[in-house]
Amino acid sequence: MTIRTRFAPSPTGFLHIGGARTALFSWAYARHNNGKFVLRVEDTDVERSTQESVDSIIHAMEWLGLGYDEGPFFQMQRMERYKQVIQQMLDAGTAYYCYCSKEELDIMREEQKARGDKPRYDRRCLHNSQPREGVKPVVRFKNPTDGSVVWDDLVKGRIEIANSELDDLIIARSDGTPTYNFCVVVDDWDMGITHVTRGDDHVNNTPRQINILKALGAPVPLYAHLPMILRDDGQKMSKRRDPVSVMQYKDMGILPEALLNYLSRLCWGHGDDEVFTIEQFVEWFKLNNISPSPARFDMKKLFWVNAQHIKALANDKLLALIAPELARRGINVAQLDINAILDLVKTRGDNLNTITNEVAYFYQPQVVSDEDATKHLTADALGVLGKFATALDALSEWSLDNIKALIKEFCATEGIKMPQLGMPLRLKLCGTTQTPSFDAVLNILGKDNVLSRLQ
Ligand code: GLU
């Protein structure tokens, strides 16, 4: 059997961080099993669905590297198929027309409540479905009345819902359009989905969907309902307070592989492993060792994971990521030994924006802050720098070893401590005191740059 999974976003906004984890788990499970991963866009809510959302979700999946094997399929393009299956169910007697008006249903529910019964459709149209003048009927699914629906959720364990709890669901509105749960069922069936991975806000839909699948004689997939991702403090994440859109993480300088690594650890784990590649994750991932309790999103941890991935990146890859921003700032990286710079700075930041700034000051010194100037660029310090420039100028061969030796000798002769030279020097060369060791900075900048910046 080929494992087939799907990600089925509703295009009513950007790709949410929770949606990304759902997509990741579906994708990884398909990859782990040499299966297929299907992208299906659930766009039947025409009021709220937009092309812009479709594009942004697909763009975010591309950025994350979650490629799909089939799709994107769009539910709005499958209307004929849904109508065909509805007809099939009407013919088979597993669905029926209902002509009841809203008023009639309201009265029915009031009566049921007054009797202390659970409000539910009493099937009056099943037994006596009479076309009514000028009334377009809805179509209801004939839900079994006995027994229960049972499934072994791969995350939540066995779930059992009595059929008496389930209403005869409307599967087509009076205008003939199919309803949400019905579309999902037909799609999962037609697309041969073997494993449904989705947020646990859909748990209530599952028994209804299973009943319809059974009525159609369709195979019932296995379900894995993923727990929510909460904020650090246990509250729900919110658009206003928290970065919930995947692409906000790109803007924060997070690498896609780091975000996937971090997301994979929300409700899943492989021993104590914290930092791993997507290939390792695919190799290790199974749907049945997901924890059923909600995960908490720890921003600090994400940045820590990101730092580890940045450190592990090959220089050419790292450069490709920051090159556009460097170019935008008018920096030509070829003017210095960019590899040597990256070796020095890639352990010095937990996000790409910081790394970009660390690279940039080698090429373009930052503007010295008033505070730094007052503290470090005193008349004494400038005097020291003048002498140091002369000493550097006399250096015959510009190499790290020679620079180190010169610094040592210079400080000894002048009777100063290293930082007394280092701090003003860093400011003059880079505009900041927060640089890697200044002998290395000098070596990378080269004699001409150093002397002209010390002028
Ligand atoms: N479209 C649903 C959502 O975005 C997912 C439904 C499903 O996975 O079955 O929440």
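Here, the structure is the one placed above.
First, a word on scope: everything that follows refers to the structure included in this document. Sequence order sets the numbering: in each chain, residues are counted from 1 along the sequence as written. At least 70 in pLDDT is required for a residue's local features to be given in this predicted model, at least 80 for side-chain atom pairs to be given and counted, and no such filter applies to totals for whole chains, interfaces and linings, which use all residues. Only hydrogens and water are removed before side-chain values are computed, so all heavy atoms of the structure are retained for them.

Some remarks on the side chain of Thr197
Alright, step 1. A run of H or I in DSSP counts as a helix once it spans at least four residues, and a run of E counts as a strand once it spans at least two, with each numbered from the N terminus. With respect to the secondary-structure elements, Thr197 resides in strand E9 (residues 195–199).
Alright, step 2. Should any heavy atoms of two residues lie within 4.5 Å, those residues are considered in contact. When residues no more than four places from it in sequence are discounted, the contact partners of Thr197 are Arg6, Thr22, Phe25, Ser26, Ala224, Leu226 and Leu287.

Digging into the sheet that holds strand E4 (residues 95–98)
Alright, step 1. Across the sheet, which stays open at both edges, the 3 strands sit in the order E4-E5-E8 with antiparallel pairing between neighbours. Of all strands in the sheet, those bounded by a partner on one side alone are E4 and strand E8 (170–172). Pairwise comparison of adjacent strand axes, ignoring direction, gives a mean angle of 45 degrees for this sheet. Here, any two strands with at least 2 DSSP bridges between them count as paired. Axis lines are fitted through C-alpha atoms, for helices just across the contact stretch, and the angle between N-to-C directions can take any value from 0 to 180 degrees.

So, the site of the ligand
Alright, step 1. When we say a residue is near a molecule or strand, we mean one of its heavy atoms is within 4 Å of it. Around the ligand, a shell composed of Arg6, Ala8, Pro9, Ser10, Glu42, Tyr180, Arg198 and His202 is seen.
Alright, step 2. N or O atoms closer than or at 3.5 Å make up a polar contact, with two conditions inside protein: a donor-capable atom paired with an acceptor-capable one, and, for residues adjacent in sequence, both atoms drawn from side chains. Between the ligand and Arg198, the relevant distance is 2.8 Å, taken from an oxygen atom to a side-chain nitrogen or oxygen of the residue.
Alright, step 3. His202 places a side-chain nitrogen or oxygen 2.8 Å from an oxygen atom of the ligand.
Alright, step 4. Taken by itself the ligand offers 300 Å² of open surface, and the protein chains cover 81% of this.
Alright, step 5. Assessed atom by atom at 2 Å from the grid points, the ligand resides in the largest pocket.
Alright, step 6. As a working rule, the residues Ala, Val, Leu, Ile, Met, Phe, Trp, Tyr, Cys and Pro are called nonpolar, Asp, Glu, Lys and Arg charged, and the rest polar, with Gly in that last group. Here the residues of the shell around the ligand are counted per class, giving 3 nonpolar, 2 polar and 3 charged. Each accessible area is a Shrake-Rupley result for a 1.4 Å probe, and residues are judged covered by the shown protein chains and nothing else. Points on a 1 Å grid, built from protein atoms alone, make a cavity when a 1.4 Å probe fits but cannot get out and make a pocket when they are open with protein on both sides within 12 Å along at least 5 of 7 lines; residues with an atom within 4 Å of a point are the lining residues. Occupancy of a cavity or pocket is assigned to a molecule whenever over half of its atoms lie within 2 Å of that pocket's grid points.

Quick look at the pairing of strand E1 (residues 4–7)
Alright, step 1. Both faces of E1 are covered, namely the face carrying Arg4 and Arg6 and the face carrying Thr5 and Phe7.
Alright, step 2. For the handedness criterion, the strands are oriented away from the viewer, and a crossover whose path from the first strand over the helix to the second runs clockwise is classed as right-handed. Assessed by its sense of winding, the connection that carries the chain from E1 through helix H1 (residues 17–32) to strand E2 (residues 36–41) is right-handed. Burial status follows relative accessibility: with a 1.4 Å probe on protein chains alone, a residue under 20% of its type maximum counts as buried, one over 50% as exposed, and anything between as partly exposed.

Some words on the side chain of His225
Alright, step 1. Considering the arrangement of structural elements, one finds His225 in strand E10 (residues 222–226).
Alright, step 2. A distance of 2.5 Å separates a polar atom in the side chain of His225 from a polar atom in the side chain of Asp153.
Alright, step 3. In this structure the side chain of His225 is engaged in a polar contact, spanning 3.2 Å, whose partner is the side chain of Arg198.
Alright, step 4. Look past the residues within four positions of His225 in its chain and what remains in contact with it is Trp151, Asp153, Val155, Lys156, Arg198, Gly199, Asp200, His202, Val203 and Thr206.

Comments concerning unusual backbone geometry
Alright, step 1. For the peptide bond that leads from Gly71 to Pro72, omega is 0 degrees, which places it in the cis range.
Alright, step 2. Following the sequence through the fold, Pro72 ends up in strand E3 (residues 70–74).

Describing the pattern of salt bridges
Alright, step 1. Criterion for a salt bridge: a side-chain nitrogen of Lys or Arg within 4 Å of a carboxyl oxygen of Asp or Glu. Overall, the coordinates contain 29 salt bridges when judged by the stated rule.
Alright, step 2. Taking the shortest distance from any N to any O, the salt bridge between Asp187 and Arg78 comes out at 2.7 Å. Taken together, the positions of Asp187 in helix H6 (residues 180–190) and Arg78 in the loop between E3 and helix H3 (79–92) put the pair 109 residues apart, joining distant regions of the chain.
Alright, step 3. The buried category is assigned to Asp187, whose relative accessible area is 0%.
Alright, step 4. Measuring nitrogen to oxygen at the nearest pair gives 2.5 Å for the salt bridge that ties Asp168 to Arg123. Highlighted residues: Asp168 in the loop between strand E7 (157–162) and E8 and Arg123 in the loop between helix H4 (102–114) and helix H5 (124–127), separated in sequence by 45 residues.

Comments concerning the nonpolar core
Alright, step 1. We call a set of buried residues a nonpolar core when its members are Ala, Val, Leu, Ile, Met, Phe, Trp, Tyr or Cys and they connect through side-chain atoms within 4.5 Å of each other. If you look at the biggest cluster of nonpolar residues, it comprises 100 residues, and the most contacted ones within it are Leu259, Phe297, Phe362, Leu421 and Leu442.
Alright, step 2. Ranked by residue count, the leading element in this core is H1, at 9 residues.
Alright, step 3. Ignoring sequence-local partners within four residues, the contact set of Leu259 consists of Ile17, Trp63, Leu64, Val246, Tyr249, Ile254 and Leu302.
Alright, step 4. In this structure, Val139, Phe141, Val196 and Ile212 belong to the second largest nonpolar core, which totals 30 residues.

Looking at the layout of surface pockets
Alright, step 1. Grid points are joined across faces, edges and corners, and a volume is the space filled by probe spheres set on the points. What the largest pocket holds in volume is close to 1,100 Å³.
Alright, step 2. Elements with a minimum of two residues in the lining of the largest pocket: E1, H1, H6 and E9.
Alright, step 3. The element contributing the most residues to the lining of the largest pocket is H1, with 5 residues.
Alright, step 4. Of the residues belonging to the lining of the largest pocket, the class tally is 15 nonpolar, 11 polar and 9 charged.
Alright, step 5. The calculated volume of the second largest pocket comes to roughly 290 Å³.
Alright, step 6. Lining the second largest pocket are 15 residues, with Lys250, Gly253, Leu321, Leu352 and Asn353 positioned closest to its centre.
Alright, step 7. Mapped onto the lining of the second largest pocket, the elements with two or more residues apiece are helix H8 (246–251), helix H12 (315–328) and helix H14 (352–363).
Alright, step 8. With 4 residues, H14 is the single largest residue contributor to the lining of the second largest pocket.
Alright, step 9. Along the lines of polarity and charge, the residues of the lining of the second largest pocket split into 7 nonpolar, 4 polar and 4 charged.

Comments concerning the environment of Pro137
Alright, step 1. Along the chain, the position of Pro137 falls in the loop between H5 and strand E5 (138–141).
Alright, step 2. Among the residues examined, Pro137 registers a relative accessible area of 18% and is labelled buried.
Alright, step 3. Contact partners of Pro137, with chain neighbours within four places excluded, come to Tyr97, Cys98, Tyr99, Arg173 and Ser174.

Let's talk about H3
Since the α-helix turns once every 3.6 residues, residues separated by three or four places project in the same direction.
Alright, step 1. Along its 14 residues, H3 runs 20 Å from first to last C-alpha, staying within 8% of the 20 Å computed at 1.5 Å per residue.
Alright, step 2. All buried positions along H3 are accounted for by Met79, Tyr82, Val85, Ile86, Met89 and Leu90. Around the axis of H3, the buried residues are gathered within 145 degrees of arc, so they sit on the same side. For H3, exposure combined with an orientation more than 90 degrees from the buried face picks out Glu80, Asp91 and Ala92.
Alright, step 3. On its buried side, H3 packs onto E4, E5, E8, H6 and helix H7 (205–215).
Alright, step 4. Backbone geometry just after H3 places Gly93 at a positive phi near 80 degrees. By definition here, a helix of n residues has an expected span of 1.5 Å times n minus one. The arc in question is the one traced by the directions running from the helix axis out to the C-beta atoms.

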